[in-house]
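Read off the chains here:
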Amino acid sequence: MRVAFAGTPEFAAQALRAILAAGFDVPLVLTQPDRPAGRGMQLLPSPVKQLALEHGIPVDQPEKLRTPEQQASLRAAGADVIVVAAYGLILPQAVLDLPRFGCINIHASLLPRWRGAAPIHRAIEAGDAQTGITIMQMDAGLDTGDMLLRRAISISADDTTGSLHDKLAVLGGEMVIEALPRIALCEIAPAPQPAEGVTYASKIAKSEANLDFRDPATLLAQRLRAFNPFPGGVVALDGAAIKLWKGIAEAGSGEPGTIIEASESGVVVACGEGRLRLLELQKPGGKRLAAADFLRGLTLAPGQRFDLPTT
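If you're wondering where the values come from, they're calculated on a predicted model, not measured in any experiment. (Residues numbered from 1 in each chain as written. Predicted model: local features only at pLDDT ≥ 70, side-chain atom pairs only at ≥ 80, totals over all residues. Heavy atoms only, no water.)

(A) Seen up close, the environment of aspartate 34. By the secondary structure assignment, aspartate 34 is in the loop between strand S2 (29-30) and strand S3 (35-37). Placed 27 residues apart in sequence, aspartate 34 and glutamine 61 show a C-alpha to C-alpha distance of 8.1 Å. With sequence-adjacent residues up to four places away left out, aspartate 34 is seen in contact with Leu43, Leu44, Pro45, Ser46, Lys49 and Gln61. At 2.8 Å, the side chain of aspartate 34 forms a polar contact with the side chain of glutamine 61. (Helix = DSSP H or I, 4+ residues; strand = E, 2+ residues; numbered from the N terminus. Contact = heavy atoms within 4.5 Å. Polar contact = N/O pair within 3.5 Å; in protein donor to acceptor, adjacent residues only side chain to side chain.)

This is the structure:
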């Protein structure tokens, strides 16, 4: 099979590595245009582009795929199938119809739960016990196509979006190289997604980092795991922003935002329900630190109270 590939971040690069290692012919890679990043805001290629160039694969980076001109490289590639993973562009019907086996997507959830842009974050934030990978035949909808393969993994109590991303990226690579030959041999019967259980994983907004201690401690702990490594959690103390990266929910009570304990074992803060033991914090301009190290640079004491967002 000639397998064109469309993807952008490291999650997609892992799948492309697996496809190349399995010996598939990849005539073309599509990825997002280079974006400014880092302190110098220099234009940097995506992980998928870097990998493609290392293997001498032609790369195209259209802003959109709406016009015949923007689709020209795909038409010229003569691919039997297009594999899509976290590409970042919606494929119009004309592109979906190009390859004889259509376009398949590697989606990081157990569809139909968590269709959309941020399925890993939202699964952790919601406290889901499991997630997985769905290999899907793409259609014009948002992650609505028929399922080809679906495999679950457990979400551990200490999984962050970063750690779960890495597990799912490996699983996605394994599943796509299982799916491709079976698609060519017509060995997979596409299964429509259930009508029940549909949820949508909206893109993470930076404003979601602003945490409110009036929320339950369990929810705040889940958000810290979901927002690690981006965008983290942010609270304020006497007007100064403090980033939070790790915390665990505990039983207890108190006025929301009030510090109950500040010791080497963590900074315990009362929440709307329960208490949150903060284990990793960061001052503005500083590094992420364990609570014991953080407290050596900023003294916190029981009775102090974090600012609560105005409603």
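(B) Region of the structure containing the pairing of strand S14 (residues 259-263). As paired elements, S14 and strand S15 (residues 266-270) share four bridges and run antiparallel to each other. Across the sheet, residue glutamate 261 finds its bridge partner in S15, namely valine 268. Counting the residues that bridge the hairpin from S14 to S15 gives two residues. (Pairing = 2+ DSSP bridges.)

(C) Inspection of a nonpolar patch on the surface at higher detail. A cluster of nonpolar side chains, Leu142, Val198 and Tyr200, forms an exposed patch at the surface whose accessible area comes to about 280 Å². Within the secondary structure, tyrosine 200 is located in strand S11 (residues 200-201). The exposure class assigned to tyrosine 200 is partly exposed, which follows from its relative accessible area of 48%. (Patch = residues over 30% accessible without salt bridge, like charges linked within 9 Å, V, L, I, M, F, W, Y side chains within 5 Å. Areas by Shrake-Rupley, 256 points an atom, 1.4 Å probe, with all protein chains shown as cover. Salt bridge = Lys/Arg side-chain N within 4 Å of Asp/Glu carboxyl O. Buried < 20%, exposed > 50% of the residue type's maximum accessible area, 1.4 Å probe, protein only.)

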